[in-house]
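Chain by chain, the residues run as shown.
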Amino acid sequence: MRKINIFDTTLRDGEQSAGVNLNLHEKLEIARQLERLGVDIIEAGFPAASKGDFQAVQAIAQTVRNCSVTGLSRSVQSDIDAAWEALKDGAEPRLHVFIATSPIHMQYKLRMTPEQVIETAVESVRYAKKYFPIVQWSAEDACRSDLPFLATIIERVIEAGANVINIPDTVGYITPKQYGDIFSFLKKNVRNIEKINLSAHCHDDLGMAVANSLAAIEAGATQIEGTINGIGERAGNAAIEEVAVALYIRKDYYQAETGLNLQEIKRTSNLVSKLTGMIVPPNKAIVGKNAFAHESGIHQDGVLKEKTTYEIISPQLVGVQSNSMVLGKHSGRHAFRTRIQELGYALTEEEVNRLFVRFKDLADKKKDITDDDLIALILDEKLDTYKNFYQLCSIQVQYGTNQIPTAVVVLKDGEGNDIQEAATGAGSVEALYNALEKALQLPVTLLDYRIESVGSGRDALAQVYVKVSLDGKEASGRGTAQDVLEASAKAYIHAVNRMFVIEKMKEEQALAAQ
Ligand code: KIV
Ligand code: ZN
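None of these values were measured; they are calculated from a predicted model.

A. Looking closely at helix α11 (residues 265-276). Relative to the 16 Å expected for 12 residues at 1.5 Å per residue, α11 spans 16 Å between its end C-alpha atoms, a close match to the ideal helical length. Among the 12 residues in α11, 11 count as buried, and that is most of the element. Buried residues of α11: Ile265, Lys266, Arg267, Thr268, Ser269, Leu271, Val272, Ser273, Lys274, Leu275 and Thr276, and no others. Of the residues trailing α11, glycine 277 is marked for its positive phi of about 75°.

B. Region of interest: the nonpolar core. Counting residues in each nonpolar core, the largest one holds 117 residues, and the members touching the most others are Trp137, Ile154, Ile165 and Ile167. Here the element with the most residues in this core is helix α6 (residues 147-160); it accounts for eight residues. Formed jointly, this core draws a minimum of three residues from each of two domains, domain 1 (2-276) and domain 2 (299-385). If near-sequence neighbours (up to four positions away) are discounted, isoleucine 154 is found in contact with Trp137, Ile165, Ile167, Leu186 and Val190. Ranked by size, the runner-up nonpolar core spans 31 residues in total, among them Val409, Leu470, Ile493 and Ala495.

C. A look at the packing of helix α3 (residues 77-87) against helix α5 (residues 114-129). With their axes 10 Å apart at the nearest point, α3 and α5 run at an angle of 30° to one another. One way to sum up the angle between α3 and α5 is to call them roughly parallel. Note that α3 runs across α5; the crossing there is right-handed. Of the residues in α5, those in contact with Gln77, Ile80 and Asp81 of α3 are Ser124, Tyr127 and Ala128. Its residues assigned to classes, the contact of α3 with α5 shows three nonpolar, two polar and one charged.

D. Quick look at the site of ligand 1. In the region of ligand 1, the neighbouring residues are Arg12, Asp13, His96, Ser138, Glu140, Pro168, Thr170, His201 and His203. A distance of 3.2 Å separates an oxygen atom of ligand 1 from a polar side-chain atom of histidine 201. In the complex, the protein chains occlude 94% of the 260 Å² of accessible area that ligand 1 would expose alone. Taken together, the residues that form the shell around ligand 1 break down as one nonpolar, five polar and three charged.

E. Region of interest: the sheet that holds strand β14 (residues 445-454). Read across the sheet, three strands follow the order β14-β15-β16 without closing on themselves; strand pairing throughout is antiparallel. At either margin of the open sheet sits one strand with a lone partner, and together these are β14 and β16 (473-481). The sheet shows a mean angle of 15° between the axes of neighbouring strands, direction not considered. Bridging between β14 and strand β15 (residues 461-470) involves nine bridges; their strand directions are antiparallel.

F. The arrangement of the pairing of strand β8 (residues 197-202) in detail. When you tally the buried positions in β8, you get five out of six residues, the bulk of the element. In the sheet, strand β7 (residues 164-169) pairs with β8 via six bridges, with the strands oriented parallel. The residue of β8 that forms the bridge with asparagine 166 is serine 199. Taken together, β7, helix α7 (residues 176-189) and β8 form a β-α-β motif whose crossover is right-handed.

G. Highlighting the sheet that holds strand β11 (residues 391-398). Strand order across the open sheet formed by three strands is β11-β12-β13, with antiparallel pairing between neighbours. At either margin of the open sheet sits one strand with a lone partner, and together these are β11 and β13 (418-424). Along the sheet, successive strands turn relative to each other by an average axial angle of 15°, direction set aside. Here seven bridges tie β11 to strand β12 (residues 406-412), and the two strands are oriented antiparallel to one another. Each residue of the ladder has a partner; that of glutamine 398, found in β12, is threonine 406.

H. The arrangement of the packing of aromatic side chains in detail. Under the defined criterion, the tally for this structure stands at 12 aromatic pairs. Note on tryptophan 84 and phenylalanine 132: the rings are 5.0 Å apart at their centroids and 80° apart in plane angle, and the pair reads as edge-to-face. Of this pair, tryptophan 84 sits in helix α3 while phenylalanine 132 sits in the loop between α5 and β6 (134-140), and the two are 48 residues apart along the sequence. Exposure class is identical for tryptophan 84 and phenylalanine 132. Each is buried. The lysine or arginine in question, lysine 251, covers the ring of tyrosine 248, its NZ or CZ lying 3.8 Å from the ring centre.

So, how was this worked out
- Residues numbered from 1 in each chain as written.
- Chains lettered and ligands numbered in written order.
- Predicted model: local features only at pLDDT ≥ 70, side-chain atom pairs only at ≥ 80, totals over all residues.
- Heavy atoms only, no water.
- Helix = DSSP H or I, 4+ residues; strand = E, 2+ residues; numbered from the N terminus.
- Expected span 1.5 Å × (residues − 1).
- Buried < 20%, exposed > 50% of the residue type's maximum accessible area, 1.4 Å probe, protein only.
- Core = buried A, V, L, I, M, F, W, Y, C linked by side-chain atoms within 4.5 Å.
- Domains from an automatic or database assignment.
- Contact = heavy atoms within 4.5 Å.
- Axes fitted to C-alpha atoms, helices over the stretch in contact; angles between N-to-C directions.
- Parallel < 35°, antiparallel > 145°, perpendicular 65-115°, else oblique.
- Left-handed = near helix turned anticlockwise from the far one by under 90°.
- Nonpolar A, V, L, I, M, F, W, Y, C, P; charged D, E, K, R; others polar.
- Near = heavy atom within 4 Å.
- Polar contact = N/O pair within 3.5 Å; in protein donor to acceptor, adjacent residues only side chain to side chain.
- Areas by Shrake-Rupley, 256 points an atom, 1.4 Å probe, with all protein chains shown as cover.
- Pairing = 2+ DSSP bridges.
- Right-handed = clockwise from strand over helix to strand, strands pointing away.
- Phe/Tyr/Trp six-rings, centres within 6.5 Å; stacked < 30°, edge-to-face > 60°.
- Lys NZ or Arg CZ within 6 Å of the ring centre and 35° of its normal.

Written out as structure tokens, the structure is:
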């Protein structure tokens, strides 16, 4: 079996998804879970892009010990310097440096000749090698590049010291056969190519990212780049879980394997979906709610007689639990703490204590507390990092079929002052949001509102995701509660607080740059 390295870019290309902005705590949470999943490389961000990105990449490099952590860099020395500062404490610092190689990008975006592009690429790799033991070089828009030119520039960057060569299908244009042919061409025409790792990076604009990645493996790629749930720029990237499970289930055909702990897939998918607010479609392969649901009578009958009639992947393989452990109101602090640890969360004693109070409160209203409920509570508790901004104290909403919905809200501002406001609306959520807007005295526009339940049952927790804009800036937020209106209010306040944090960081950055 050939070993295929998995390069996860959920925190870089994935975070470039429209409307997604993760804070440092959320990025760290995802990085820890990616480590548990067993990816080989985590692309933690783009350190030169912003102070927030730099801090997140640095914190992840300092925390994660079992994977290599990398950061993206343009082919300029200041980007490489920033990346080194952020990554130098990592277990295996690695740089990901790129430049575009297609005629369309070189002419219109870079305004450089092909010779200048070669020179810049070689220079950047040489410079990076002064710091980094491992340098990955990417030919942006490789799939629309002239192949002999691509071969020449790759040969030159390998001479300069590149250890990994990545062939991105930046715009999701290539077909599986063509992509495989590019890898075969490069293997035949680039001197010393056998000394480096060849990587595939596919976007899903034509829905072929996973098929293209698998075609690259067949043609000799030894590394696949992608994201959890396939999130990413535009239509997204190749979904790592799909590539890994395809290799596992069809090892007879591909004769290749990843080092992923497949049982961590479902949990990783849930976490990424919760923190990014990008809901996984029910019919999504491997991690969708319906991926293992048999609806037709004929299929159900077949599965009852013999699972493999209609099931090529067992839900347990990817960590879908049919009997996840249940806690209830009689569960003690010890069982509670143990379950949190078993779920892989490292919480301080103070956090456990705070969470235990909320758990008991929930257990009074909800009979069984499942792992999904616990995770929702933990992630909600971790949202509580905005102590200096607005806090929701209480809401009261009145609704009747023949009444005008009315909401009263009480908030605390950063100085501890209570603010109370009331408003009406066409529906309960609108009344609530109108009251919150009045209390905040900010012209907040709601761009997106989504709601889903955590698990099933009438008493399930509600999880609300919102996207808001204020003065042309956007932020997303989420809230969990047993009541949909409380979850809605929490999500709104979370988004507004995040907006302030992002703005505060930008101001600090501007001051530091002066
Ligand atoms: O899609 C792409 O080309 C990229 C590069 C920066 C590797 O994400
Ligand atoms: Zn990309």
